[in-house]
Amino acid sequence: MTGKDHLFSLAKAVADKNSADALSLISDLHASSCDMERLCSDMTNHFRNLMIVKTVRDAGSFLVCTKDELTQYKEQSEGFTLETILYCISLLQECMANIKRGVNRRTEMEMTFIKLCTPALSDDSEALLRRISELEIMIKTGAIKAAPSVAVQSAVTKEKPEVEPD
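Residues numbered from 1 in each chain as written. Predicted model: local features only at pLDDT ≥ 70, side-chain atom pairs only at ≥ 80, totals over all residues. Heavy atoms only, no water.

## Structural notes on the overall build of the protein
Then comes step 1: Summing up its helical and strand segments, the protein has seven helices and zero strands in all.
Then comes step 2: When each of the 166 residues of the protein is scored for burial, the buried share is 34%.
Then comes step 3: In the protein, once contacts between residues fewer than 6 apart in sequence are set aside, the share between residues at least 24 apart is 67%.
Then comes step 4: About 10800 Å² of surface is accessible on the protein, with carbon and sulfur atoms providing 53% of the total. (Helix = DSSP H or I, 4+ residues; strand = E, 2+ residues; numbered from the N terminus. Buried < 20%, exposed > 50% of the residue type's maximum accessible area, 1.4 Å probe, protein only. Contact = heavy atoms within 4.5 Å. Areas by Shrake-Rupley, 256 points an atom, 1.4 Å probe, with all protein chains shown as cover.)

Structure follows, in structure tokens:
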């Protein structure tokens, strides 16, 4: 893969929650002698660019990229909530720290992308915020329906007297 295509492809796998695609891409990159530490750094920067596009009106003045790449960033940012982007950056930074401590680089990248693609695996506050945000969007867009509100019955109810058998 040339340029930043692999970064956009990996981010798409995260947006699609497709860990199989992410692992396949990482495997291909590893086989092509891609340094996993560099890949982690590039992915952190990629999600930083998505964060900027998502939060700044004139993102082009904050990013070093071509006009076509800026357009790609804008399009890709639509598939993420800000909470998800921040979660991705946090998890990638944690991955980078683990890589620097000497753990297996490929395995660390694979574990990180599985976590990014499968939010239910993490129960930290950032992951929970990400999942809540995604549920809120699904409810707003009609992808899922909110449960109808249930009327609460009065605490005082008439009970039928029990009849003892003879």
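Additional details are given in the paragraphs that follow.
## Observations concerning the nonpolar core
Then comes step 1: Leu 10, Met 43, Phe 47, Met 109 and Phe 113 are the most contacted members of the largest nonpolar core, which has 36 residues in total.
Then comes step 2: Breaking this core down by element, the ones donating at least two residues are α1 (5-15), α2 (19-31), α3 (36-55), α4 (67-77), α5 (82-100) and α6 (105-117).
Then comes step 3: Per-element accounting of this core gives the leading share, nine residues, to α5.
Then comes step 4: Excluding residues that lie within four positions of it along the chain, Phe 113 makes contacts with Leu 10, Val 14, Ala 22, Ile 26, Met 43 and Leu 92. (Core = buried A, V, L, I, M, F, W, Y, C linked by side-chain atoms within 4.5 Å.)

## Regarding the packing of aromatic side chains
Then comes step 1: Across all of its chains, the model carries two aromatic pairs by this definition.
Then comes step 2: Aromatic side chains Phe 8 and Tyr 73 sit 4.9 Å apart centroid to centroid with 45 degrees between the ring planes, which places their arrangement in the tilted category. Placement of the pair is Phe 8 in helix α1 and Tyr 73 in helix α4, with a sequence separation of 65 residues. Here the two residues Phe 8 and Tyr 73 agree in accessibility, since each one is buried.
Then comes step 3: Ring geometry for Phe 47 versus Phe 80: centroids 5.5 Å apart, planes at 85 degrees, classification edge-to-face. Of this pair, Phe 47 sits in helix α3 while Phe 80 sits in the loop between α4 and α5, and the two are 33 residues apart along the sequence.
Then comes step 4: The buried category is assigned to Phe 47, whose relative accessible area is 0%. (Phe/Tyr/Trp six-rings, centres within 6.5 Å; stacked < 30°, edge-to-face > 60°.)

## Some thoughts on α6
Since there are 3.6 residues in each turn of an α-helix, residues three or four apart along the chain are aligned in direction.
Then comes step 1: Between the first and last C-alpha of α6 there are 18 Å, a value that for 13 residues agrees with the 18 Å anticipated at 1.5 Å per step.
Then comes step 2: Those residues of α6 that sit buried are Glu 108, Met 109, Glu 110, Thr 112, Phe 113, Leu 116 and Cys 117.
Then comes step 3: Two or three places before Arg 106, at the start of α6, stands the capping residue Asn 104, its side-chain oxygen 3.1 Å from that residue's backbone nitrogen. (Expected span 1.5 Å × (residues − 1). Polar contact = N/O pair within 3.5 Å; in protein donor to acceptor, adjacent residues only side chain to side chain.)

## Things to note about the pattern of salt bridges
Then comes step 1: Counted by the stated rule, this structure contains seven salt bridges.
Then comes step 2: We note a salt bridge from Glu 37 to Arg 105, for which the minimum N-O separation is 3.2 Å. Of this pair, Glu 37 sits in helix α3 while Arg 105 sits in helix α6, and the two are 68 residues apart along the sequence.
Then comes step 3: A salt bridge links Arg 106 to Glu 110; the nearest nitrogen and oxygen atoms lie 3.0 Å apart. Here Arg 106 and its partner Glu 110 are both found in helix α6, four residues apart, which amounts to about one turn of the helix. (Salt bridge = Lys/Arg side-chain N within 4 Å of Asp/Glu carboxyl O.)

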